Structure formats: C-alpha cells, structure tokens
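Chain by chain, the residues run as shown.
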Amino acid sequence: MPSADPEVRSLVAAVGGLRDELVALRRDLHAHPELARLEERTTAVLLARLRAAGLLPRALPGSGLVCDLGDARPGTRRVALRADLDALPVQDACGLPWASTVRGVAHACGHDVHTAAVLGAGLALARLAAEGVAVPGVRLVFQPAEEVQPGGSLDVIAAGGLDGVGQIFAVHCDPKLDVGHVGTRIGPITSASDEVTVTLTGAGGHTSRPHLTGDVVYALGQVITQVPAILGRRLDPRSGVNLTWGAVQAGQAPNAIPGRGALRGTLRCLDVRAWEKASEVFHAAVEQVVLPYDVGVEIHHQRGVPPVENHARSTGVLEAAARDVLGPAAVELTEQSLGGEDFAWYLTKVPGAMARLGTRTPGGRTYDIHQGDLRVDERAVEAGALLLARAALLAGRS
C-alpha cells in the first residue's frame, strides 16, 4: 500500500525516476571493475555524475570521494551514507551481457550495487532539496579498498571524511535475503577478521632421511590441525574464534623435503575482546607446535577489522526507514556472520548501523558472495537507494 506520508511519496518518486539510470550505472561499474586503491575510473564516473547534478564532490587522495548535500545548520552534524568501490581478484562467471571486461577481476561482493544505491540516495535527496523539501546535512562517502586489510575506511577517516559527521549508515548485499527485504540486528553484525601467514624454514633433505633435517612439510601439517584446536581451548568458545587456512605452499618433488613452506589463512572472532587476545594465543600456539621439529618459524599477523557493532538507535532508524519505503514486512532479524567489514572502523568514531540488503529473486537461486557467478536482482539498487535516503532524512531530524 502506498505511504500516506507526502515526503515518502516524493522520495519514492524521485528514486523511481532514477531507476533505469542507476541500474545502467551499476552494470557499467560491473563491466569495469577495479581493485583496491585503483578505483580511478569508478571515481571519475561518480565525480562526473555528481557534478552534473550541481553538487560539489571532493576527491579523496588516490581514489574515492565524498560529497556533501542538504542543509547542515550550525550546531548540527551530517549523516553519512557509505559505499565501497573496489572489486575482487576473482574471474567473473556471471554470464551476463555486463560481465567484467577485466580478466581476473569482478564485482563478486556487490560493491557495484552499494555504489549505485548510495549515488541514487544522494541524487534523490538533492532532487527533493531542489523541490523545497527540508533535507538535513548529508555526506556521501564513496570509499576505496574495503577488500584489503585493514581497510580503506581508515584512509577516509585520515582524510577528514568523518569530520562534521554525527551518524553513518551503509548496506551490504545479502544473496540469502529476497530483494525488497533487509536484515538488521543491534550489536555485532560481522566479526573481527585478520590475515595470518606462518612460514617455516629448515635445512631440507631427502624423504628417506627425515630424521636428519627439519621437516617443514610435516610441521606445517601439525600447525594446520593443532593450532585451531588450541585456540578452541585457550579462548572462550562463545567468542566464535575461527582459524581457517586458505593456502599452503611447500615443495615440488615427492622425494625431497623442501627447505621452506608457508601457510596463509584468516583468524576471525565474533567478540572484540577475544580478538584482542587471539593474537597472543595464536603466536604462542604456533611456536609451541613446531618446537619439536627443529624448524625456523616466522609469523606475520595482519590485524584487520573489528566487528561491525550496530548502535541501537541507528539500527532503529534503519528499520523505521525500511518500513516506510519498502513495507511493514521488509525488516528481518539477521545473524552475526564471520565475515569482516571495514565499516567497523567508522563505528569506532561515530554511531551508525549497517543493514543487509536482499538481492535474491524470490523463489530463485541463492548465490554466494566472493564467487564469480554471483548474480543479484537489480531491484536491490532501488531498494538500497530508498532505504539509505529515508534513513538520512530520519536520522538528520532526530
């Protein structure tokens, strides 16, 4: 049923008028993905469109931009809407006409949808302001490098992107939710996520004489199996600590013990306090496990991002906005995931919230993010733009 609120009806009309353009822009970005901190073309496209709307976007150092709009009255702080621009080093396998034209790079996490939604929200709010609607101060944040640790959000913060901001919102594509629905929760919605590398070295030797050399392959096997188990006994199991290995490299010949081998993986925690302790426990566990095998050990622990912890009041704003523009049944309670998101760094500075944005066609296949065959129902672009624009209006007046 159409909303009786004239402002909501105006917003729905403004975003609806942009629908085809936003979908076209999303497809253009999908066809021309760029990796972290290389988002130059994407930034140029956004700068041009915002300037064409009469706005004054400001490029950030390297790539990315921010753009202010609305009426930021003295003594008030802006509401920020954040999008991430970068793609993944994944081969596109979506099979659609707008598939990636860049070999080995694809928007397999939906950042093209996020970007189009934030742009749509900004353009719609600017249109309402031109029509005489009192639009509060809003800042659009188009951020580079979400997919690398510890994340481009720190670059935005360092460049003053949060200066004068009092609250921030974002969406993240969720292919498990039907389009037109959003998932929310108060408190942690993602997890802490670190990258870890363990490199072992030894003298090497013949596989017939393992007792005469440090066997890095065998020692790596012990690290692979024992260290996750140790973490499970040294850290509170309620904290959801998860160490998963994604890459193993050692040796080339079946009868030669190599002199070097390495493991790479991710260390994730649901709880920020466990995250702070996990590094110490991880280092000690690796060193204790390899001690009997006469190998050298080098550990690289790239601290990543803390959990995204949604603030209660900001989550309430997102839920109210979703019901206003998507319908009373649009909001679903979502679970905390083990995925990492550098939106978390913004929430260490100002309150805010992230919602999961449904991208699944009702009755259709459930895809997974970070996979080359990801497909989204493009109605999610309009839904995301409506949600974020309405959240900005509500938050800016609360």
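Everything below is about the structure shown above.
Right, let's walk through the structure included here.

**A word on the overall build of the protein chain**
So, step 1. The helix and strand tally for the protein chain stands at nine helices and 16 strands.
So, step 2. Residues counted as buried form 53% of the 398 residues belonging to the protein chain.
So, step 3. The long-range fraction of contacts in the protein chain, counting pairs at least 24 apart against all pairs at least 6 apart in sequence, stands at 81%.
So, step 4. With the model as given, the accessible surface of the protein chain reaches about 16800 Å², and the carbon-plus-sulfur share is 52%.
So, step 5. Taking the average place of the 38 positive charges on the side chains of the protein chain and the average place of its 43 negative ones, the gap between the two points comes to 2 Å.

**Details of the state of the cysteines**
So, step 1. The final tally for this structure, using the stated rule, is zero disulfides.
So, step 2. A disulfide-free cysteine, Cys173 has its sulfur positioned 7.5 Å from the sulfur of Cys109, the nearest such atom.

**So, the environment of Pro237**
So, step 1. Along the polypeptide, Pro237 turns up in the loop between helix H5 (216-234) and strand S10 (242-250).
So, step 2. Note: C-alpha distance between Pro237 and Val272 (35 residues apart in sequence) is 13 Å.

**Things to note about the packing of helix H1 (residues 6-31) against helix H3 (residues 111-130)**
So, step 1. Where H1 contacts H3, the two axes come as close as 8 Å, and the packing angle between them is 145 degrees. The handedness of the crossing between H1 and H3 comes out as right-handed. Side by side, H1 and H3 meet where Ser10, Leu11, Ala14, Val15, Gly17, Leu18, Glu21, Leu22, Leu25, Arg26, Leu29 and His30 of the first sit next to Asp112, Val113, Thr115, Ala116, Leu119, Gly120, Leu123, Ala124, Arg127 and Leu128 of the second.
So, step 2. Looking at the contact of H1 with H3, its residues break down into 13 nonpolar, five polar and four charged.

**Considerations on the packing of helix H7 (residues 312-326) against helix H9 (residues 379-397)**
So, step 1. At a minimum axis separation of 8 Å, H7 and H9 run at an interaxial angle of 125 degrees. Accordingly, the angle class assigned to the pair H7 and H9 is oblique. The handedness of the crossing between H7 and H9 comes out as right-handed. Contacts between H7 and H9 pair Val317, Leu318, Ala320, Ala321, Ala322, Asp324, Val325 and Leu326 from the former with Ala383, Leu386, Leu387, Arg390, Ala391, Leu394 and Ala395 from the latter.
So, step 2. Split by residue class, the contact of H7 with H9 holds 13 nonpolar, no polar and two charged.

**What to know about the nonpolar core**
So, step 1. Membership of the largest hydrophobic core comes to 62 residues, with the highest contact counts inside it found for Leu11, Leu50, Leu81, Leu140, Phe142 and Phe169.
So, step 2. Take this core: its biggest share by element is 12 residues, from H9.
So, step 3. Val198, Val223, Leu263 and Cys269 belong to the second largest nonpolar core, which has 47 residues in total.

**A closer look at the packing of aromatic side chains**
So, step 1. Counted under the stated rule, the structure contains two aromatic pairs.
So, step 2. A centroid spacing of 5.5 Å and a plane angle of 65 degrees characterise the contact between Tyr218 and Tyr293, whose relative ring orientation is edge-to-face. One end of the pair, Tyr218, is in helix H5; the other, Tyr293, is in the loop between helix H6 (272-290) and strand S13 (296-305), and 75 residues separate them in sequence.
So, step 3. Here Tyr218 falls in the partly exposed class, since its relative accessible area comes to 46%.
So, step 4. The class for Tyr293 is partly exposed, based on a relative accessible area of 24%.
So, step 5. The cationic tip of Arg27 hangs over the ring face of Trp98; the distance from NZ or CZ to the ring centre is 3.7 Å.
So, step 6. Over the aromatic face of Trp275 sits the side chain of Arg303, whose NZ or CZ is 4.1 Å from the ring centroid.

**Some details on the sheet that holds strand S1 (residues 58-59)**
So, step 1. What the eight strands build is an open sheet, ordered S1-S2-S4-S3-S5-S16-S6-S15; its pairing is mixed. With one partner strand each, in any of the chains shown, S1 and strand S15 (331-333) form the two edges of the open sheet.
So, step 2. Examined bridge by bridge, strand S6 (residues 182-184) and S15 share three bridges and lie parallel to one another. From the neighbouring strand, Val182 faces S15, where its bridge partner is Val331.
So, step 3. Strands S1, strand S2 (65-69) and strand S4 (138-143) of the sheet are contacted by helix H2 (residues 40-52), whose axis makes an angle of about 15 degrees with S2.
So, step 4. Relative to strand S3 (residues 78-84), H3 is tilted by about 150 degrees, and along the sheet it contacts S2, S3, S4, strand S5 (165-178) and strand S16 (352-360).

**Topic: the sheet that holds strand S12 (residues 260-269)**
So, step 1. The four strands are arranged S10-S12-S8-S13 in an open sheet whose pairing can be described as antiparallel. This sheet does not close on itself; its edge strands, each paired only once, are S10 and S13. Within the sheet, the average angular offset between the axes of one strand and its neighbour, ignoring direction, is 15 degrees.
So, step 2. The pairing of strand S8 (residues 192-201) with S13 spans eight bridges and is classified as antiparallel. Looking at the pairing, Thr199 lines up with Glu298 of S13.
So, step 3. Against the sheet, H5 contacts S8, S10 and S12, and its axis sits at roughly 175 degrees relative to S10.

**Focus on H3**
So, step 1. Taking 1.5 Å as the rise per residue, H3 with 20 residues should run 28 Å; its terminal C-alpha atoms sit 29 Å apart, in good agreement.
So, step 2. Among the 20 residues of H3, 17 are classified as buried, and the element is accordingly described as predominantly covered.

Rules used in this analysis
- Residues numbered from 1 in each chain as written.
- Predicted model: local features only at pLDDT ≥ 70, side-chain atom pairs only at ≥ 80, totals over all residues.
- Heavy atoms only, no water.
- Helix = DSSP H or I, 4+ residues; strand = E, 2+ residues; numbered from the N terminus.
- Buried < 20%, exposed > 50% of the residue type's maximum accessible area, 1.4 Å probe, protein only.
- Contact = heavy atoms within 4.5 Å.
- Areas by Shrake-Rupley, 256 points an atom, 1.4 Å probe, with all protein chains shown as cover.
- Lys, Arg positive; Asp, Glu negative; His and termini not counted.
- Charge placed at Lys NZ, Arg CZ, Asp CG, Glu CD.
- Disulfide = S-S within 2.5 Å.
- Axes fitted to C-alpha atoms, helices over the stretch in contact; angles between N-to-C directions.
- Left-handed = near helix turned anticlockwise from the far one by under 90°.
- Nonpolar A, V, L, I, M, F, W, Y, C, P; charged D, E, K, R; others polar.
- Parallel < 35°, antiparallel > 145°, perpendicular 65-115°, else oblique.
- Core = buried A, V, L, I, M, F, W, Y, C linked by side-chain atoms within 4.5 Å.
- Phe/Tyr/Trp six-rings, centres within 6.5 Å; stacked < 30°, edge-to-face > 60°.
- Lys NZ or Arg CZ within 6 Å of the ring centre and 35° of its normal.
- Pairing = 2+ DSSP bridges.
- Expected span 1.5 Å × (residues − 1).

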